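One-letter residues, chain by chain:
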Number of protein chains: 2
Amino acid sequence: MKFVIDTLGGDKGSLEIIAGIKLFHQEFPEVELIAVGKVDELSELSNIAKIVEANDVMPMDAGVLEAMRMKNSSMSVAIDTLIKEKADGIISSGSTGAFLSLATLKIKKIPGVIRPALITSFPTIIDGKNVVLLDVGASVENTKEELVQFAKMGALYDKAVFGVQEPQIYLASNGSEEHKGSNVGKEAYQLLKNEKNFVGNIEARDVLKGHADVVVFDGYSGNIFLKGSEGMAKMMSQLMKDVFKKNIITKIGYLFAKSGFNDLRNKMDYKKVGGALLIGVNAVVIKAHGNSDCDSFYSAMKVGYHLMEKKVVDEIKEGFTLHE
Amino acid sequence: MKFVIDTLGGDKGSLEIIAGIKLFHQEFPEVELIAVGKVDELSELSNIAKIVEANDVMPMDAGVLEAMRMKNSSMSVAIDTLIKEKADGIISSGSTGAFLSLATLKIKKIPGVIRPALITSFPTIIDGKNVVLLDVGASVENTKEELVQFAKMGALYDKAVFGVQEPQIYLASNGSEEHKGSNVGKEAYQLLKNEKNFVGNIEARDVLKGHADVVVFDGYSGNIFLKGSEGMAKMMSQLMKDVFKKNIITKIGYLFAKSGFNDLRNKMDYKKVGGALLIGVNAVVIKAHGNSDCDSFYSAMKVGYHLMEKKVVDEIKEGFTLHE
């Protein structure tokens, strides 16, 4: 298994990324690592990774044209390296727009896929049950045909990653009735309604209840959902901490409840999820959070590892060959 | 102050609504109440409210045409009563689509307003600071001009309700940079960027951080944000409860931390918010949650009371007369 890492472009600098790579290597020494970035910074990885030099940093707000022009950026070089080395996966915490555009253009879409999507999973209220969400931000607008393909890719992902054989698929909407939804959502509903495993519309407030396996969003509202939910989870975690700080009695309470709260923090720590997959291209392309620290970059690398291990790209290819 | 209540059409039946009305009357005996619905059910309110008979229930999935045809529905009769009695406000937990359409058509928009919006506020991580959100679901799609007006109505609301003199206004987006956003969002940005108090784009994950006073969404993504955040808050509350149930030690912890958690639950209980205002029409039109129980209907009525008291409708009228 070969994994290419873009070590530049994250908000917190490459030292955090490098520390994350070391953690990953300790757990998965069998994975061949290729680190792309500044050679002097990467020298300490020379025993555990192949080093490829690239000194330019892709700016966070790079547009597609600028991204394409920056051929010596670590991001571009990393993608070229993936292709040249026939690697299985790549990860970057740099500019989302630039990374997704370059990856789609250079690594290319899986035949039959109209448009790749960012896919991730969330824990639900049911212990151990995850819900798969896509698109959470690769596109801004989508066509009905794209939404239909997202449903299909989501189901293949859920099967490959979580082993769910008959994933219950929903379309995110502003109401659960058939006539609700955005204009494109309503059109997609008509195409989806005769598909096996498609259940119907789901309101945003029901997504985490655990009965939905896959929820399809257009990229814009999926991004709003993902980040809005993360923001709320973060606020609730903060408020919980404050609760225990209220007075000496509640502080004592914390000592007793600590173990339980650590479990909860682990479950709800979105830093630990750390990355989303660009699904629909010919490699495991992981977008790590822009503000990844050591832990979250390590977690995002683990997400990538599991997706390579589960051969999610092959599953999508096969699914699209059989049914398109 | 005159307040009309549609007592039919909620998911939990009119008994919960009636109990909510009683609670409200205990706290605000000076408000003149007019209850619309089935006379036999409402007889117990005869000492505290004027009773208006209407026996038909607006179905939850009623379209605009059906809503207009059902002239004897409690919802239609309640709106007609508001107009006839020159009441200040109206509340319903019935079909959102039907209620917003009928209210807009019959009560009419404030001169200058292109399109009314559903507006509500959320607590933020900063204690005592609320963020005002609109549109959270009156529309499915909006034009750039509508988004610009939402910014203005949001600011007037924030001023009237929370006394914020110079509200910091943001546009919800999939990134904080100027070039990010939905297609209509990008257009609206160009119109808003020279407006006083407009700060820029805000990502969904930053909405609850407390620096934004007003966040403008198109109705579809605002609905996804609102309900997604509610769903996450509900899940976190549930998981917190589970944490304390883990073992005898954590149960003891709960006894100590209880007082703090009650504060948190009060802050985050969206049932207690209960209702959103249809802003931009000539009355305080409150949409209560479809599944309102006694407590949440009472809370929604209180929201309505405060909006009437703060004369939010007059403020919007004045703002649009002066500046349009």
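What comes next concerns the included structure. Since we're looking at a predicted model, the values are computed, not measured.

## Considering helix α5 (residues 96–107) of chain A
Residue and element names in this part refer to chain A.
Then comes step 1: In this model α5 runs 16 Å from its N-terminal to its C-terminal C-alpha over 12 residues, within 8% of the 16 Å that 1.5 Å per residue would give.
Then comes step 2: Taken as a whole, α5 has its buried residues at A98, F99, L100, S101, L102, A103 and I107.
Then comes step 3: Of the surrounding elements, those touching the buried residues of α5 are α3 (64–69), α4 (74–84), β4 (89–92), β5 (117–123), β10 (275–279) and β11 (284–288).
Then comes step 4: Within two residues after α5, K108 carries a phi angle of roughly 75°, on the positive side.

## Digging into the sheet that holds strand β2 (residues 32–37) of chain A
Residue and element names in this part refer to chain A.
Then comes step 1: Pairing is mixed across the open sheet formed by 11 strands, whose spatial order is β3-β2-β1-β4-β11-β10-β5-β6-β9-β7-β8. Edge strands, defined here as strands with exactly one partner in the open sheet, are β3 (49–53) and β8 (198–203). Geometrically, the sheet is characterised by an average inter-axis angle of 25° between neighbouring strands, direction not taken into account.
Then comes step 2: Relative to β10, β5 runs antiparallel, the two sharing three bridges. In the strand pairing of β10, I119 is matched with L277.

## Remarks on the sheet that holds strand β3 (residues 49–53) of chain B
Through backbone hydrogen bonds, the strands of a sheet pair up, either in parallel or in antiparallel fashion.
All names here are of chain B.
Then comes step 1: In space, the 11 strands of this open sheet follow the order β3-β2-β1-β4-β11-β10-β5-β6-β9-β7-β8, with mixed pairing throughout. The strands lining the two open edges of the sheet, one partner per strand, are β3 and β8 (198–203). Sheet twist, expressed as the mean angle between neighbouring strand axes with direction ignored, is 25°.
Then comes step 2: The pairing of strand β4 (residues 89–92) with strand β11 (residues 284–288) spans four bridges and is classified as parallel. Each bridged residue has a counterpart across the sheet, and for G89 the counterpart in β11 is V284.
Then comes step 3: Along the sheet, helix α1 (residues 14–27) contacts β1 (2–6) and β2 (32–37); its crossing angle with β1, the most-contacted strand, is approximately 165°.

## Quick notes on the relation of the copies chain B and chain A
Then comes step 1: Superposition of chain B onto chain A requires a rotation of 180° combined with a translation of 0.0 Å along the rotation axis, giving an RMSD of 0.0 Å. Such values leave the two copies arranged in the relation of a two-fold axis. Relative to the rotation axis, the C-alpha of G253(B) is the closest in chain B, positioned 1.9 Å from it.
Then comes step 2: Taken together, the interface assignments show that 100% of the residues at the interface of chain B recur at the interface of chain A, consistent with an identical surface on both copies.

## Focus on unusual backbone geometry
All names here are of chain A.
Then comes step 1: Note the cis peptide between L134 and D135, where omega equals -10°.
Then comes step 2: Structurally, D135 is set in the loop between β6 (130–134) and α6 (144–162).
Then comes step 3: At K311, a position not held by glycine, the phi torsion is positive, near 55°.
Then comes step 4: Following the sequence through the fold, K311 ends up in the loop between α11 (294–309) and α12 (312–323).

## Things to note about the pairing of β10(A)
All names here are of chain A.
Then comes step 1: Across the five residues of β10, five count as buried, placing the element largely inside the fold.
Then comes step 2: Residues of β10 alternate between two faces, with G275, L277 and I279 on one and A276 and L278 on the opposite face, all of them buried.
Then comes step 3: Judged from the four bridges that link them, β10 and β11 form a sheet pairing that is antiparallel. Within β11, the position partnered with L277 by the bridge is I286.
Then comes step 4: The loop that links β10 with its antiparallel partner β11 comprises four residues; one of these, G280, has a positive phi angle of about 110°.

## A word on the environment of S139(A)
Residue and element names in this part refer to chain A.
Then comes step 1: Residue placement: S139 occurs in the loop between β6 and α6.
Then comes step 2: Along the backbone, S139 and L45 are 94 residues apart, and their C-alpha atoms lie at a distance of 35 Å.
Then comes step 3: In contact with S139, other than residues within four places in its own chain, are R115, G219 and Y220.
Then comes step 4: Among the polar contacts made by the side chain of S139, one reaches the side chain of N142 at a distance of 3.1 Å.

## Digging into the pairing of β8(A)
All names here are of chain A.
Then comes step 1: Within β8, five of the six residues are buried, which leaves it mostly tucked inside the rest of the structure.
Then comes step 2: Where strand β7 (residues 169–173) and β8 come together, five bridges link them in parallel fashion. Bridge pairing in β8 links L171 to N201.
Then comes step 3: Once the chain exits β7 it traverses helix α7 (residues 183–192) before rejoining the sheet at β8, and the crossover so formed is right-handed.

## Notes on the environment of D293(B)
Residue and element names in this part refer to chain B.
Then comes step 1: Along the chain, D293 falls in the loop between β11 and α11 (294–309).
Then comes step 2: In this structure D293 comes out as buried when scored by relative accessible area, which is 16%.
Then comes step 3: A distance of 2.9 Å separates polar atoms of two side chains, one belonging to D293 and the other to S296.

## Comments concerning the interface of chain B and chain A
Then comes step 1: Contacts between the two partners involve 59 residues from chain B, matched on the other side by 59 residues from chain A.
Then comes step 2: Of the roughly 5,100 Å² buried between chain B and chain A, counting both surfaces, carbon and sulfur atoms make up 71%.
Then comes step 3: One can count four salt bridges joining chain B with chain A.
Then comes step 4: R205(A) serves as the salt-bridge partner of E230(B), at 3.3 Å between the closest nitrogen and oxygen.
Then comes step 5: Scanning the region where chain B abuts chain A turns up 12 residue pairs in polar contact (both at pLDDT 80 or more).

## Description of the side chain of K2(A)
All names here are of chain A.
Then comes step 1: Along the chain, K2 falls in strand β1 (residues 2–6).
Then comes step 2: What makes K2 buried here is its relative accessible area of 19%.
Then comes step 3: In terms of polar contacts, K2 uses its side chain to reach the backbone carbonyl oxygen of E85, at 3.0 Å.
Then comes step 4: Residues in contact with K2, not counting those within four places in the same chain, are E32, I34, E85, A87, D88, G89 and M308.

Thresholds, definitions, all that
- Residues numbered from 1 in each chain as written.
- Chains lettered and ligands numbered in written order.
- Predicted model: local features only at pLDDT ≥ 70, side-chain atom pairs only at ≥ 80, totals over all residues.
- Heavy atoms only, no water.
- Helix = DSSP H or I, 4+ residues; strand = E, 2+ residues; numbered from the N terminus.
- Expected span 1.5 Å × (residues − 1).
- Buried < 20%, exposed > 50% of the residue type's maximum accessible area, 1.4 Å probe, protein only.
- Contact = heavy atoms within 4.5 Å.
- Pairing = 2+ DSSP bridges.
- Axes fitted to C-alpha atoms, helices over the stretch in contact; angles between N-to-C directions.
- Least-squares fit on C-alpha atoms with pLDDT ≥ 70 in both.
- Polar contact = N/O pair within 3.5 Å; in protein donor to acceptor, adjacent residues only side chain to side chain.
- Right-handed = clockwise from strand over helix to strand, strands pointing away.
- Buried area = accessible area lost by both parts, 1.4 Å probe.
- Salt bridge = Lys/Arg side-chain N within 4 Å of Asp/Glu carboxyl O.

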